[in-house]
2 protein chains.
Amino acid sequence: MTAPQPDVGRLPEAVLRPATANVFETTVEQLATAIRLGVFVDGEQLPPERELSERLGVSRNTLRDAIAALRDSGLVTTRRGRGGGTVVTYVTPEPGSVATAVPVRRGAALADALDFRRIVEPGAAWLAARQELAGDQRAWLAESAAEVWATVDTPGHRIADSRFHLAVATLSGSPMVIESVTRAQAALGELLAAIPVLPRNITHSCEQHDAVVDAVLRGDAEAARAAMEEHCDATSALLRGLLG
Amino acid sequence: MTAPQPDVGRLPEAVLRPATANVFETTVEQLATAIRLGVFVDGEQLPPERELSERLGVSRNTLRDAIAALRDSGLVTTRRGRGGGTVVTYVTPEPGSVATAVPVRRGAALADALDFRRIVEPGAAWLAARQELAGDQRAWLAESAAEVWATVDTPGHRIADSRFHLAVATLSGSPMVIESVTRAQAALGELLAAIPVLPRNITHSCEQHDAVVDAVLRGDAEAARAAMEEHCDATSALLRGLLG
DNA sequence: GTCAAAGGGTCCGGGAACAGACCTTTGATG
DNA sequence: CATCAAAGGTCTGTTCCCGGACCCTTTGAC
């Protein structure tokens, strides 16, 4: 009576994932990611600790430990007293340290993240195009794309780029989608930062952003998705080329 | 000097999500979901506690508490001694309790889950079609679809259906995609179970499964995605109709 | 019939997280 | 200048969770 397992596509192995890392580390990671992706930009203040801890579903103690870790990494500084608080002090490091400094994600994880992004970002664009967007939302999207153009050749470019992608995701209106895009961006962030800034690539990338914006604002979901797919494929090709 | 916040699409609110629930509850939820989605079918044994706890990244104590909770809910039973273990005792409840017994997800959460699924499941099918599948994987996929046909009009139908979807996701080969599909299925599972079993709907649904399988086995990614999109749209329409 | 192996069942000490109260600093305001 | 409020900083008791050692039950193998 040897087990009658199909043994080929074992669902349990595929589905049961190791759930939780340590809460403290998770919090550090989440805040660091938010900063590196430009959710909070340089000079911006984080919300007060009590508020932030509640939003993150974490005790204030743990949050404070996490902030202390960020402080040690030089990502934020803290001032006490009224009007004090924790402000972001982060400027994108110079690219060019092409995937040497950063612990390169193992091949499988990289492919995973790229595949995931290729699915989820176009999906977000598609969904966003189907929403009825308010005037300020439309303006926000356009500004986000414009900001990417505006920061070409500045250190802020990387951040403007991820802010644009997060803006698209946000306008999809679906929390699960937003979270997915965030995770994809976070997983690739280090690597995207390593893409050499050839003017040709960047221009092309910005044009694709504009195509996405255009389609979303027109409410053309299929076009929005197609444009974002192209964009993902382009950066994906660059990255794969870079890393063999 | 009122704050110069755009205030429209505040990224922090969108991105910073409450991270962790309680480990114990997470574990219970994960196992219960796995069982309800048919990752473990009726009569099947769970892995030994020591092994399972390691895979879930949870202490054996906590895992045991979780299993005890499942036992209290009647989802599993446990026998001691060599050859003993915890076996699943779960048969899909009769549908027909249309979204009355189950705590109906709030409207927004429902829409979120449907949107997410509509993005992620077709994406999984698309990716799966691009993989080079081994012979046993191809067979597994076909069997999964066949099983759905075979269980029409039996209580096992619901489970066969989600097993099919999880199989597609698994064949995509991307852990992040697998996880996303699992979450989508879990979020909708209760509701999908409430869809009345009109023969016409079910037949149609199975035909769409077959279309997906066909396209995946042919390696036609676009067709696979399109087929899965149709499928998601169909069930989505049914659900929305059911709940106003 | 005996025994060893493979399971589940129990217990305990230590560390992580939490909740909440309280202290200190500092800018704004009357 | 005195006061206040809004922040960060500190402390404490409690709960949750982990890791690991150990016990109990059953069954297949010799």
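Treat the numbers as computed from the prediction; the structure is a model and nothing was measured. Numbers given for residues are sequential positions, taken from 1 along each chain in its written order. Throughout, the order in which chains and ligands are written sets their labels, letters from A for the former and numbers from 1 for the latter. With the structure being a predicted model, the display of local features is reserved for residues of pLDDT at least 70 and the display and counting of side-chain atom pairs for 80 or more, all residues being used for whole-chain, interface and lining totals. Side-chain numbers come from the whole structure's heavy atoms, not from hydrogens or water.

This paragraph deals with the overall build of chain A. Secondary structure elements are defined from DSSP: runs of H or I of at least 4 residues count as helices, runs of E of at least 2 residues count as strands, and each element is numbered from the N terminus. Counting its secondary structure elements, chain A contains ten helices and two strands. Along chain A, helices (α) and strands (β) appear in the sequence α-α-α-α-β-β-α-α-α-α-α-α when read from the amino end. For the exposure calls, accessible area comes from a 1.4 Å probe over protein chains only, and a residue counts as buried if that area is under 20% of its type's maximum, exposed if over 50%, partly exposed in between. For chain A, the residues scored as buried account for 49% of the 244 residues in total. Pairs at least 24 apart in sequence give 74% of the contacts found in chain A among residues at least 6 apart. Within the structure as shown, chain A displays about 11,600 Å² of accessible surface, and the carbon and sulfur contribution to it stands at 52%. Note on contacts: a residue pair is in contact if any heavy atoms of the two residues lie within 4.5 Å. Per-residue and other accessible areas were derived by the Shrake-Rupley procedure at a 1.4 Å probe size, with only the shown protein chains allowed to occlude residues.

Glancing now at the protein's contact with DNA strand D. Any residue with a heavy atom lying within 4 Å of a molecule or strand is counted as near it. Inspection of the region around DNA strand D gives 25 residues, with R50(A), R60(A), N22(B), N61(B) and T62(B) positioned closest. The sugar-phosphate portion of DNA strand D accounts for 60% of its atoms within 4 Å of the protein, the bases making up the rest. N or O atoms closer than or at 3.5 Å make up a polar contact, with two conditions inside protein: a donor-capable atom paired with an acceptor-capable one, and, for residues adjacent in sequence, both atoms drawn from side chains. One nitrogen or oxygen atom from the side chain of S59(B) is found 3.1 Å from a phosphate oxygen belonging to DNA strand D. One of the side-chain nitrogen or oxygen atoms of R80(B) is found 3.3 Å away from a base oxygen of DNA strand D. Of all the secondary-structure elements, those providing two or more residues to the surface near DNA strand D are α3 (49–56), α4 (60–72), β1 (76–79) and β2 (85–88) of chain A together with α2 (23–36) and α4 (60–72) of chain B. Looking at the surface near DNA strand D element by element, the count peaks at three residues for α4(A). Three categories are distinguished: nonpolar for Ala, Val, Leu, Ile, Met, Phe, Trp, Tyr, Cys and Pro, charged for Asp, Glu, Lys and Arg, and polar for the others, with Gly belonging to the last. Tallied by class, the residues present in the surface near DNA strand D amount to four nonpolar, eleven polar and ten charged.

The subject of this paragraph is helix α7 (residues 157–172) of chain B. Residue and element names in this part refer to chain B. Here a helix's expected span is defined as the number of its residues, less one, multiplied by 1.5 Å. Taking 1.5 Å of rise per residue, 16 residues should cover 22 Å, and α7 covers 23 Å from first to last C-alpha, within 8% of that figure. Of all 16 residues that make up α7, 15 are buried, and the element is covered over most of its length. Looking one or two residues beyond α7, the residue adopting positive phi is G173, at roughly 80°.

What follows is about the domain arrangement of chain A. By a widespread convention, an interface's size corresponds to the accessible area lost as its parts come together. Residues and elements named next belong to chain A. Residue ranges for the domains trace back to a domain assignment, done automatically or taken from a database. We note that the domain assignment places domain 1 (11–88) and domain 2 (98–243) within chain A. Here the C-alpha centroids of domain 1 and domain 2 sit 23 Å apart. With seven residues of domain 1 at the contact, the number on the domain 2 side is seven residues. In this description, buried area is defined as the sum, over both parts, of the accessible area (probe of 1.4 Å) that is lost when the two are combined. Of the roughly 540 Å² buried at the junction of domain 1 and domain 2 (both faces included), carbon and sulfur atoms supply 68%. What counts as a salt bridge is simple: a side-chain nitrogen of Lys or Arg found within 4 Å of a carboxyl oxygen of Asp or Glu. Linking domain 1 to domain 2 there are zero salt bridges. The interface formed by domain 1 and domain 2 holds two residue pairs in polar contact (both at pLDDT 80 or more) in total. Tallied by class, the residues present in the side of domain 1 that touches domain 2 amount to four nonpolar, two polar and one charged.

Packed helix pairs are specified by the crossing angle of their axes together with the interaxial distance, meaning the distance between the axes. All names here are of chain A. Geometry is summarised by axes, namely lines fitted to C-alpha atoms with helices restricted to the contacting stretch, and by angles between N-to-C directions that run from 0 to 180 degrees. Interhelical geometry of helix α6 (residues 135–150) versus helix α7 (residues 157–172) gives an angle of 155° and a closest axis separation of 8 Å. Comparing their axes, α7 and α6 come out roughly antiparallel. α7 is crossed by α6, and the crossing has left-handed handedness. Contact residues: α6 offers Q137, W140, L141, S144, A145, E147 and V148, while α7 offers H157, A160, D161, F164, A167, V168, T170 and L171. Our angle categories are set so that under 35 degrees counts as roughly parallel, over 145 as roughly antiparallel, 65 to 115 as roughly perpendicular, and the remainder as oblique. By convention the crossing between two helices is left-handed if the near helix lies anticlockwise of the far one by an angle smaller than a right angle, and right-handed if it lies clockwise.

This part covers the side chain of R225(A). Tracing the sequence through the fold places R225(A) in helix α10 (residues 221–243). For R225(A), the residues in contact, after removing those within four places along its chain, are P122(A), W126(A), R118(B), R225(B) and E229(B).

All right, on to the environment of G173(A) then. All names here are of chain A. Relative to the assigned elements, G173 resides in the loop between α7 and α8 (175–192). Judged by its relative accessible area of 52%, G173 falls in the exposed class. Separated by 40 residues in the primary sequence, G173 and L133 have C-alpha atoms spaced 9.9 Å apart.

Take the protein's contact with DNA strand C next. In the region of DNA strand C, 25 residues are neighbours, and N22(A), N61(A), T62(A), R50(B) and R64(B) sit closest. Take G81(A): an N or O atom from its main chain is 3.4 Å from a base oxygen of DNA strand C. Elements with a contribution of two residues or more to the surface near DNA strand C: α2 (23–36) and α4 of chain A together with α3 (49–56), α4, β1 (76–79) and β2 (85–88) of chain B. If one sorts the elements of the surface near DNA strand C by residue count, α4(B) sits on top with three residues.

With that settled, consider the side chain of S53(A). Residue position: S53(A) is located in helix α3. Of the residues examined, S53(A) reaches a relative accessible area of 6% and is grouped as buried.

Least-squares superposition of the copies uses the C-alpha atoms of those residues scoring a pLDDT of at least 70 in each of them. In screw terms, the move from chain B to chain A is a rotation of 180° and a rise of 0.0 Å along the axis, fitting with an RMSD of 0.1 Å. A rotation of that kind, with that shift, is consistent with a two-fold axis.

Each partner contributes residues to the interface: chain B has 53 residues there, and chain A has 54 residues. Both sides of the chain B and chain A interface together cover about 5,200 Å² of buried area, and 67% of this is carbon and sulfur. Considering only the side of chain B, the residues that lose the most area to chain A are L11(B), L16(B) and M176(B), jointly responsible for 14% of the buried surface there. Joining chain B to chain A, the criterion identifies six salt bridges.

A few words on the pairing of β1(A). Residues and elements named next belong to chain A. For β1 and β2, the ladder comprises four bridges, and the chain directions are antiparallel. Pairing of V76 across the sheet is with V88, part of β2. Whether two strands pair comes down to DSSP finding at least two bridges between them. Counting the residues between successive antiparallel strands, the hairpin from β1 to β2 contains five residues, one of them, G81, with a positive phi of roughly 80°.

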